[in-house]
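Listed below, chain by chain, are the residues.
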Amino acid sequence: MKQNQETQQTDINTEEVITEEKKGHGFHINVNIILLCVILLIAAFSAYRLYKWNKGVPSDYDPNYQTTDFDVEAMDNIIPLAPDKLEGHEDDGVTTILCLGDDPFSLDQGEGGLAEQIAAKTGATVYNGSFTGTTIAAQFEAYNDGYILDAFSFSYVAQSLASGNFDLMKAAASYSYDEAFPKTTSMLEQLDMNSVDVICIMYDGSDYINKRPCDDPNAPEAIVTYTGALRSGIRAIQNAYPHIRIVVMSHTFCHTINEEGNFENGDRVDLGNGTLSHYLQKELDATSDCGVSFIDNFYGSINEDNYLDYMTDYIHFNDAGRKLLADRFVKCIFPELVSDTDAE
């Protein structure tokens, strides 16, 4: 009897051991399955990521898309006239603007003309004192009768306005084939400069095209250099009429014409004194030296991307181009006259 009990007890212990072993064996099987699943998930995720990497991200670049937007910020430098410059000056209550320059003002005068559009947009009295085919810089250091255009370059015009002596300009105008030269010279001589509130100066890229030297570090007011003539002329007017606010409108983009008669990009071709953007930077420096306002039309108005919409040829403007330039002038100098619609 006792032996049977011992045998039964042994059997019971054996069954418990077997059961425990089965439980332990089952636990190990579950862990392996879990690890296997994790490995498979990692492999599947890696394979998916590799597939996506090989496929890449779709690009929204369209090589045929064209835009007139220009992503370069304009280098405008708008400087108000210092209040002390108006001391002793009696305001007549009428805003009077004198425009000086070359073709942008002198060509296509009329309702679509640049000076005329400025007058219409500002309500100001505007006088057009421009001369076709001229430059800011003079060609010769001393006036030469063989080249009468020097008498109508900016420095000479400014000196005549400042001194009130127009003898040289009148003599040169009498030899000009352009009938506008004598008329414009006469108008400038008779103009009361004390009534002028703003002088707007704009020349196109003619100094660049005519290969006028950009500057002379040893002679910052040399009239045969682009910036020297600009400094010289502005300072002559400032000394004579300190109450006048002076605004320089820069040249726009233009082309030059090579010996084969083909257009060449003015901002890529150096004719010996720098590209158009070089002239622009030097012009900005000169206006800053003189403390006058500068409106950047090269980056801010008519540029390499949109010139076909605003120019008739390699350098001249159509009505839309002149409207754009007039809008820029008004927006920068008379912002109070710009409506919300125009600003857009």
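Preceding this paragraph is the structure being described.
Residues numbered from 1 in each chain as written. Predicted model: local features only at pLDDT ≥ 70, side-chain atom pairs only at ≥ 80, totals over all residues. Heavy atoms only, no water.

Digging into the sheet that holds strand β3 (residues 198-202)
Taken in spatial order, the 5 strands make up an open sheet running β2-β1-β3-β4-β7, and their pairing is parallel. A single partner strand is all that each edge strand has here, and the edge strands are β2 (125-128) and β7 (293-295). Recorded for the sheet is a direction-independent mean angle of 20° between the axes of neighbouring strands. Alignment of strand β1 (residues 96-101) against β2, held across 4 bridges, turns out to be parallel. Bridge pairing in β2 places C99 opposite N128. On the sheet, helix α9 (residues 276-290) packs against β4 (245-249) and β7 and is oriented at approximately 160° with respect to β7. (Pairing = 2+ DSSP bridges. Helix = DSSP H or I, 4+ residues; strand = E, 2+ residues; numbered from the N terminus. Axes fitted to C-alpha atoms, helices over the stretch in contact; angles between N-to-C directions. Contact = heavy atoms within 4.5 Å.)

So, the packing of helix α8 (residues 226-240) against α9
Relative to each other, α8 and α9 sit at 25°, their axes nearing to 9 Å. By the criterion of interaxial angle, the relationship of α8 to α9 is roughly parallel. Where α8 crosses over α9, the two elements pack in a sense that is right-handed. Note on element contacts: α9 touches α8 through Y279, K282, E283, D285, A286, T287, D289 and C290, opposite Y226, T227, L230, R231, I234, R235 and Q238. Per-class residue counts for the contact of α8 with α9 are 6 nonpolar, 3 polar and 6 charged. (Parallel < 35°, antiparallel > 145°, perpendicular 65-115°, else oblique. Left-handed = near helix turned anticlockwise from the far one by under 90°. Nonpolar A, V, L, I, M, F, W, Y, C, P; charged D, E, K, R; others polar.)

Notes on empty space enclosed by the protein
Summed over all chains, the structure comprises 1 cavity of 30 Å³ or more. Looking at the largest cavity, its volume works out to about 60 Å³. Taken together, D103, P104, L107, D108, D204, I315, H316, F317 and R322 make up the full set of residues lining the largest cavity. Looking at the lining of the largest cavity residue by residue, the classes come out as 4 nonpolar, 1 polar and 4 charged. (1 Å grid on protein atoms, 1.4 Å probe; cavity = no way out; pocket = protein on both sides within 12 Å on 5 of 7 lines; lining within 4 Å. Points joined across faces, edges and corners; volume = space filled by probe spheres on them.)

A look at the side chain of D296
Mapped onto the elements, D296 comes out in the loop between β7 and α10 (297-300). The buried charged residue D296 lacks any salt bridge partner; its closest oppositely charged side chain belongs to R328, at an N-O distance of 5.8 Å. Among the polar contacts listed, one links the side chain of D296 to the backbone nitrogen of Y299, at a separation of 3.1 Å. The contacts of D296, once residues within four sequence positions are left out, are A74, M75, D76, S250, L280, S301 and R328. (Buried < 20%, exposed > 50% of the residue type's maximum accessible area, 1.4 Å probe, protein only. Lys, Arg positive; Asp, Glu negative; His and termini not counted. Salt bridge = Lys/Arg side-chain N within 4 Å of Asp/Glu carboxyl O. Polar contact = N/O pair within 3.5 Å; in protein donor to acceptor, adjacent residues only side chain to side chain.)

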